[in-house]
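Secondary and tertiary structure notes
One letter stands for each residue in the lines below.
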Amino acid sequence: MGCAREDKLRILGINAYHGDSSACLVQDGLLIAAAEEERFRRIKHWAGFPSLAIEFCLKEAQITINDIDFIAINSDPQANLLRKTGYVLMNNPNISFIKDRLKNSQKRYDILQELKEHFPGGQFRGEVVRVEHHMAHLCSSFLVSSFPKAVNVSIDGFGDFSSCAVGVGEGHSIDINWRVYFPHSLGIFYQALTQYLGFLHYGDEYKVMGLAPYGECAYLEKLNDVIVLKDDGTFVLNLNYFSYHKKGVSYQWEGGIPEVGILFTEKLEELLGKRRKQDEPLEQKHKDIARSVQAMYEKVFFHILNKAYQRDPMENLTLSGGCAMNSVANGKVYQNTPFKKMYIQSAAGDAGGAIGSAFYVWSQKNQQRSPFVMDHAYWGTSYKESELEKVIEENKKELISQNCAIIKVSNDEELYRLTATEISKGKVIGWFQGKMEWGPRALGNRSILGDPRRKDMKDILNQKIKRRESFRPFAPSILREAVPEWFETDDDVPFMMAVFAIRPEKRPLIPAVTHVDGSGRLQTVTQKTNERYYRLIEHFNQLTGVPLVLNTSFNENEPVVCQPQEALSCFIRTKMDVLVLGNTIIQRNDPLL
Ligand SMILES: [Fe+2]
């Protein structure tokens, strides 16, 4: 290894052979770049080896694979091996189940081979370090938070044979105090019930979360038989309702959209009635089940958090793992637990494991905490103004044939004023600026924006671009200082990871971002972390007296746009009204000036 000082280490963190494959680069203890592979491959939740994300990270730091000292991966097949072996011996699961797991473990040893294939001519001379899956999750939040000390909780489907880890982070290290092991999992509970409700795609859990407020908790009593809470803070699943632990599940993790087989048994249908098929209409019963599933989730979630606090009473909490994406439950943490401050990193799920394992390795090698704090999500690709202009030029013929005006606005303030004016007229705006967001949410750099005051904005967006289920809400981005006036909170929510109640008197003013229960999944925007987005919302506020805009991801049934050409193609094939690409405004039909 060519490094004289440990703090100069270059560490490539990766999440590979798993949903939301990703890579990040940590150099001198600072995060330089991070991105999910799906953005480059153009396949949602892409699973496999993140070669294009790695390529981007290296390019961003202007180095090659030869310069990397460590590759840190968020999976260690050797972790919890005794438990794994014990489980197999005790339960005698069938041979295909064992074979599947072995095959998956084997994959994780092939990193050097993958590097040879994807980076021919390069020579990685460093070391591959495997970090246990939940340790990587915990580090992905705690080690990049501003908390010197915090309770750390990770909850997901499964990783390295466990589904939940609870620990305490102090300084540069985390001690894990307790875990929940396979086959018990809160993530699998939610995923199985999501499948039961007819949402079969990987990552569809958020649809159940969006549907829940339309229902009543009529099935909670029944679900009490599915998960049982234990006095020690853990829980167990009633395995009669699940099938994966015995016959295994067909997981498809390689080079494409992750696919997961059905996780539940007929017993669940005996308990709740026939499952909903994908194309069947959503009835009140389904909404009631969704509400009950969310309520059951919250019951277990707060049980875990409260036990964690009881054991280690401290003010700060960090959350991670796929379940930390449950923004509705996250928004209730302060009401239901004694924690005073919460941090959730923008890629809380498995993609974030890349960050967690990289900072874990940095901390271990240096025996200290890096000074890095992740207070924004802008770690992805970016393009110079001249590159954007070149792409516009290449598409000029098509844009003119669609009767579009192309207006270069050199003055930033004028750009914000014109864009804010168009938003206030009910136009749908594609807003492509700066560095792409890390994590699943568009946070004002690859966003589609709309007027939150219009009742019909949700329908307009769905008609023109999104075509998504009508029950799903759209989210607001709000100036940070306006939060307490509009929401029943004064917390920082930079990554849209928590839902809070909108103040009752404000709800009628912003119907497009007010969910049926009066809540909103807000993003708090500061001038320090995203000046352009902040200034745009400020201009919208000056025009309308409303310090927030509707923000949804810039895509159309695809991963969020990454390159300017993808933004332009999305604009061209949809009915989006305006595209703001850097300092150029492209407007359909109705010229601005
Ligand atoms: Fe995970």
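Use the structure listed above.
1. Concerning the environment of Tyr383
Residue position: Tyr383 is located in the loop between helix H15 (353–366) and helix H16 (385–394). Classification of Tyr383 as partly exposed rests on a relative accessible area of 25%. In this structure, the C-alpha to C-alpha distance between Tyr383 and Tyr202, residues 181 residues apart in sequence, is 31 Å. Excluding residues within four positions of it along the chain, Tyr383 makes contact with Leu388, Phe432, Arg446, Cys562, Gln563 and Pro564.

2. Some thoughts on the pairing of strand S17 (residues 446–450)
Within a regular beta strand, the side chains point alternately toward one face of the sheet and then the other, so they alternate between its two faces. Judged by how many residues are buried, S17 sits mostly within the fold: five of five residues are covered. Of the two faces of S17, both are covered, the one formed by Arg446, Ile448 and Gly450 as well as the one formed by Ser447 and Leu449. Direction of pairing for strand S16 (residues 429–432) relative to S17: antiparallel, over a ladder of four bridges. Its bridge partner lying in S17, Ile429 is registered against Leu449. Inspection of the sheet shows S17 paired to strand S22 (residues 548–553) by four bridges, in the antiparallel sense. Bridge assignment links Ser447 to a residue of S22, and that residue is Ser553.

3. A few points about the nonpolar core
Judged by nonpolar contacts, the single largest core of 108 residues is most densely connected at Leu31, Phe189 and Met374. The greatest single-element share of this core, amounting to 11 residues, is contributed by helix H12 (residues 284–311). Those residues in contact with Phe189 that lie beyond four places of it in its chain are Leu223, Val226, Ile227, Leu237, Phe242, Val293, Met296 and Tyr297. With 62 residues, the next largest nonpolar core counts Ala405, Phe432, Ala512 and Phe571 among its residues.

4. Considering the coordination of the iron ion
Only His133 (NE2), His137 (NE2), Asp156 (OD) and Asp350 (OD) from the protein reach the iron ion as donors, at distances of 2.1 to 2.3 Å. Coordination at the iron ion is irregular: its four donor atoms span angles of 88 to 172° at the metal. For Asp156, a relative accessible area of 3% gives the class buried.

5. Concerning the packing of helix H7 (residues 186–196) against H12
Put simply, H7 and H12 touch, their axes get as near as 11 Å, and they point 180° apart. Here H7 lies roughly antiparallel to H12, going by the angle between them. Between H7 and H12, the contacting residues are Leu186, Phe189, Tyr190, Leu193 and Tyr196 on the first element and Lys285, Ile289, Val293, Gln294, Met296, Tyr297, Val300 and Phe301 on the second. Counted by class, the contact of H7 with H12 contains 11 nonpolar, one polar and one charged residues.

6. Re the state of the cysteines
What the rule picks out here adds up to zero disulfides. No disulfide involves Cys24; its sulfur sits 6.4 Å from the nearest other cysteine sulfur, which is in Cys57.

7. Considerations on the side chain of Ser154
Assignment of secondary structure puts Ser154 in strand S6 (residues 149–159). In terms of polar contacts, Ser154 uses its side chain to reach the side chain of His134, at 2.7 Å. Not counting residues within four places of it along the chain, the set of residues in contact with Ser154 comprises His134, His137, Leu138, Ser163, Cys164, Ala165, Ser320 and Gly321.

8. Some remarks on the sheet that holds strand S13 (residues 316–320)
In spatial order, the strands read S8-S7-S6-S13-S14; together these five strands make up an open sheet with mixed pairing. For this open sheet the edge positions go to strand S8 (173–181) and strand S14 (341–344), each flanked by a neighbour on one side alone. On average, adjacent strands in this sheet sit at an angle of 20° to one another, irrespective of strand direction. Both S6 and S13 contribute to a ladder of four bridges, which runs parallel. Bridge pairing in S13 links Asn152 to Thr318.

9. Some remarks on the packing of aromatic side chains
Centre-to-centre distance and the angle between the planes together describe a pair of aromatic rings. The tally for this structure, following the rule as stated, stands at 17 aromatic pairs. Between Phe40 and Phe56, the aromatic rings sit 5.9 Å apart at their centres with planes inclined by 35°, giving tilted as the arrangement. Linking Phe40 in helix H1 (residues 38–41) with Phe56 in helix H2 (residues 51–61), this pair joins segments that are 16 residues apart in sequence. Its relative accessible area of 10% is what places Phe56 among the buried residues. Seen from their ring centres, Phe372 and Trp379 are 5.5 Å apart, and the 65° between their planes marks the pair as edge-to-face. Of the two residues, Phe372 and Trp379, neither departs from the other in class, the shared state being buried. Cluster of aromatic residues (ring-pair linked, three or more members): Phe158, Phe161, Phe182, Phe242 and Tyr244. Just above the ring of Trp46 sits the side chain of Arg41; from NZ or CZ to the centre is 4.4 Å. For Lys506, the ring lying beneath its charged end belongs to Trp486, and the centroid distance is 4.4 Å.

10. Description of the environment of Thr419
Considering the arrangement of structural elements, one finds Thr419 in helix H18 (residues 412–424). In this structure Thr419 comes out as buried when scored by relative accessible area, which is 2%. Within the structure, Thr419 has its side chain in polar contact with the backbone oxygen of Leu415 (distance 2.7 Å).

11. A word on unusual backbone geometry
Between Phe182 and Pro183 the backbone carries a cis peptide bond, its omega angle lying at 10°. Mapped onto the fold, Pro183 is located in the loop between S8 and H7. Positive phi, close to 55°, is recorded for Asp28, a residue that is not glycine. Relative to the helices and strands, Asp28 resides in the loop between strand S2 (22–27) and strand S3 (30–36). The residue His45 is not glycine, and still its phi comes out positive at about 60°. Summarising the element assignment, His45 is placed in the loop between H1 and H2.

12. A short note on the sheet that holds strand S1 (residues 10–15)
Taken in spatial order, the five strands line up as S3-S2-S1-S4-S5 in an open sheet, and their pairing is mixed. In this open sheet, the two edge strands, each paired with only one partner strand, are S3 and strand S5 (127–130). Adjacent strand axes in the sheet meet at a mean angle of 20° when their direction is disregarded. Bridge analysis of S2 against S3 gives six bridges, and the strand direction is antiparallel. Residue pairing in the sheet places Val26 in a bridge with Leu31 of S3.

Reading the values: rules and limits
The residue count restarts for each chain, going from 1 along the sequence in the order it is written. Reporting of local features is limited, given that this is a predicted model, to residues whose pLDDT is at least 70; pairs of side-chain atoms are given and counted only at 80 or more, and all residues count toward the totals for whole chains, interfaces and linings. No hydrogens and no water enter the side-chain calculation; it runs on all heavy atoms of the structure. Secondary structure elements follow DSSP: runs of H or I of four or more residues count as helices, runs of E of two or more count as strands, with numbering from the N terminus. Think of it in three bands: residues with accessible area under 20% of the maximum for their type are buried, residues over 50% are exposed, and the middle band is partly exposed, with areas taken using a 1.4 Å probe on protein chains only. Here, residues are in contact when the closest pair of their heavy atoms is within 4.5 Å. Strand pairing follows a simple DSSP-based rule, namely that at least 2 bridges must link the two strands. In this text, buried Ala, Val, Leu, Ile, Met, Phe, Trp, Tyr and Cys residues form a nonpolar core when linked through side-chain atoms within 4.5 Å. Ligating atoms shown are N, O and S within 2.8 Å of the metal, or 3.2 Å for Na, K and Ca, and water is not included, meaning a site may look less than complete. Key to geometry: four donors with every angle between 85 and 135 degrees are tetrahedral; four donors are square planar and six octahedral where opposite donors lie over 155 degrees apart and all remaining angles lie between 65 and 115; all other sites are irregular. Between the N-to-C directions of two axes lies an angle of 0 to 180 degrees, each axis being a line fitted to C-alpha atoms and, for a helix, fitted only over the stretch in contact. Between 65 and 115 degrees an angle is taken as roughly perpendicular, under 35 as roughly parallel, over 145 as roughly antiparallel, and anywhere else as oblique. In this classification, the charged set is Asp, Glu, Lys and Arg, the nonpolar set is Ala, Val, Leu, Ile, Met, Phe, Trp, Tyr, Cys and Pro, and all remaining amino acids, among them Gly, are polar. Two cysteine sulfurs form a disulfide in these notes if their separation is within 2.5 Å. The definition of a polar contact used here is a pair of N or O atoms within 3.5 Å, where within protein one atom must be able to donate a hydrogen and the other to accept one, and adjacent residues in sequence count solely through side-chain atom pairs. In this scheme Phe, Tyr and Trp rings, the latter by its six-membered ring, pair at centre separations within 6.5 Å, and the angle between planes marks the pair as stacked below 30 degrees, edge-to-face above 60, and tilted otherwise. Note on criteria: charge over ring means Lys NZ or Arg CZ within 6 Å of the ring centre, with the direction from the centre no more than 35 degrees off the ring normal.

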